[in-house]
Amino acid sequence: MVYQFYNLIPTLTAEENIMLPWLLDNRKENRERLEELLVMLKLEKRAKHLPGQMSGGQQQRVSIGRALINNPAFILADEPTGNLDSKTGQEIIDLLKASNQKYNQTILLITHDDKIALQADRIITIGDGSIISDEVMKA
């Protein structure tokens, strides 16, 4: 899951926050996978920084890294650009799209931003708890 409010542990570095699923599961770390994500997320120079030492966009990239670390087939992103400026928000969407293509992941992204929604392959519009429309945008 990728949240609007990052949900990073303030006393852990960027790389420790990304590795949190491994740490909580007592799993052996895969340094190669971590380095691959740090490069993809453009966080190589921020790996040892605490969340308070990073911008909102960098914190959101850490949050995305944590969601991607186990190479999931499905990602749920709840307003991942809601707290970001439009340029940084687009960078986050581009990262999610790159992850979708590179790792063949399904991404369910919730947004109120039409510009972001229109970049999706499919848009399901929900209103008052019911599906209003379901459109395939790209073949």
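Residues numbered from 1 in each chain as written. Predicted model: local features only at pLDDT ≥ 70, side-chain atom pairs only at ≥ 80, totals over all residues. Heavy atoms only, no water.

### Here's the deal with the confidence of the model for the protein chain
Confidence in the prediction for the protein chain averages 91 pLDDT; 99% of positions are at 70 or higher. Model confidence for the protein chain, summarised as mean pLDDT per element, is weakest for helix H5 (residues 86-103) at 89 and strongest for helix H1 (residues 14-18) at 96. (pLDDT = per-residue confidence, 0-100. Helix = DSSP H or I, 4+ residues; strand = E, 2+ residues; numbered from the N terminus.)

### Describing the side chain of Gln58
Tracing the backbone shows Gln58 in helix H4 (residues 56-68). Within the structure, the side chain of Gln58 is placed 2.8 Å from the backbone nitrogen of Ser55, a separation counted as a polar contact. Non-local contacts of Gln58, meaning those with residues more than four positions away in its chain, are made with Leu43 and Arg46. (Polar contact = N/O pair within 3.5 Å; in protein donor to acceptor, adjacent residues only side chain to side chain. Contact = heavy atoms within 4.5 Å.)

### Section: the pairing of strand E2 (residues 106-110)
With five bridges joining them, strand E1 (residues 74-78) and E2 adopt parallel strand pairing. Each residue of the ladder has a partner; that of Asp78, found in E2, is Ile110. Considered for its hand, the β-α-β crossover made up of E1, H5 and E2 is right-handed. (Pairing = 2+ DSSP bridges. Right-handed = clockwise from strand over helix to strand, strands pointing away.)

### Some points on the nonpolar core
Ranked by internal contacts, the top residues of the largest apolar core, which has 27 residues, are Ile18, Leu37, Leu41, Val62 and Ile64. Setting aside anything within four residues of it in sequence, one finds Leu41 in contact with Ile18, Arg61, Ile64, Gly65 and Leu95. (Core = buried A, V, L, I, M, F, W, Y, C linked by side-chain atoms within 4.5 Å. Buried < 20%, exposed > 50% of the residue type's maximum accessible area, 1.4 Å probe, protein only.)

### Quick word on the layout of surface pockets
In this structure, the largest pocket spans a volume of roughly 950 Å³. Contributing elements (two or more residues each) for the lining of the largest pocket: H5, E2, helix H6 (114-117) and strand E3 (122-127). Taken together, the residues that form the lining of the largest pocket break down as 14 nonpolar, eight polar and six charged. Of the voids in this model, the second largest pocket is the one considered here, and its volume is about 190 Å³. Around the second largest pocket, the lining comprises 14 residues; the ones closest to its centre are Thr81, Ser86, Gly89, Asp113 and Ile116. (1 Å grid on protein atoms, 1.4 Å probe; cavity = no way out; pocket = protein on both sides within 12 Å on 5 of 7 lines; lining within 4 Å. Points joined across faces, edges and corners; volume = space filled by probe spheres on them. Nonpolar A, V, L, I, M, F, W, Y, C, P; charged D, E, K, R; others polar.)

### Some points on the pattern of salt bridges
On inspection of all chains with the given rule, the structure shows nine salt bridges. Note that Glu36 and Arg33 form a salt bridge whose closest N and O atoms lie 3.6 Å from each other. On the criterion of helical spacing, the pair formed by Glu36 and Arg33 is a turn pair, its members being three residues apart in helix H3 (residues 31-40). Its relative accessible area of 9% is what places Arg33 among the buried residues. For Arg61, the salt bridge identified is with Glu91, shortest N-O distance 3.9 Å. Highlighted residues: Arg61 in helix H4 and Glu91 in helix H5, separated in sequence by 30 residues. Because the salt bridges share partners, they merge into one network encompassing Glu15, Glu29, Arg31, Glu35 and Lys48. (Salt bridge = Lys/Arg side-chain N within 4 Å of Asp/Glu carboxyl O.)

### Focus: the pairing of E3
Both E3 and strand E4 (residues 130-136) contribute to a ladder of six bridges, which runs antiparallel. Within E4, the residue paired with Thr125 across the bridge is Ser133. In sequence, E3 turns back onto E4 through a hairpin of two residues, with Asp128 there showing a positive phi of about 50°.

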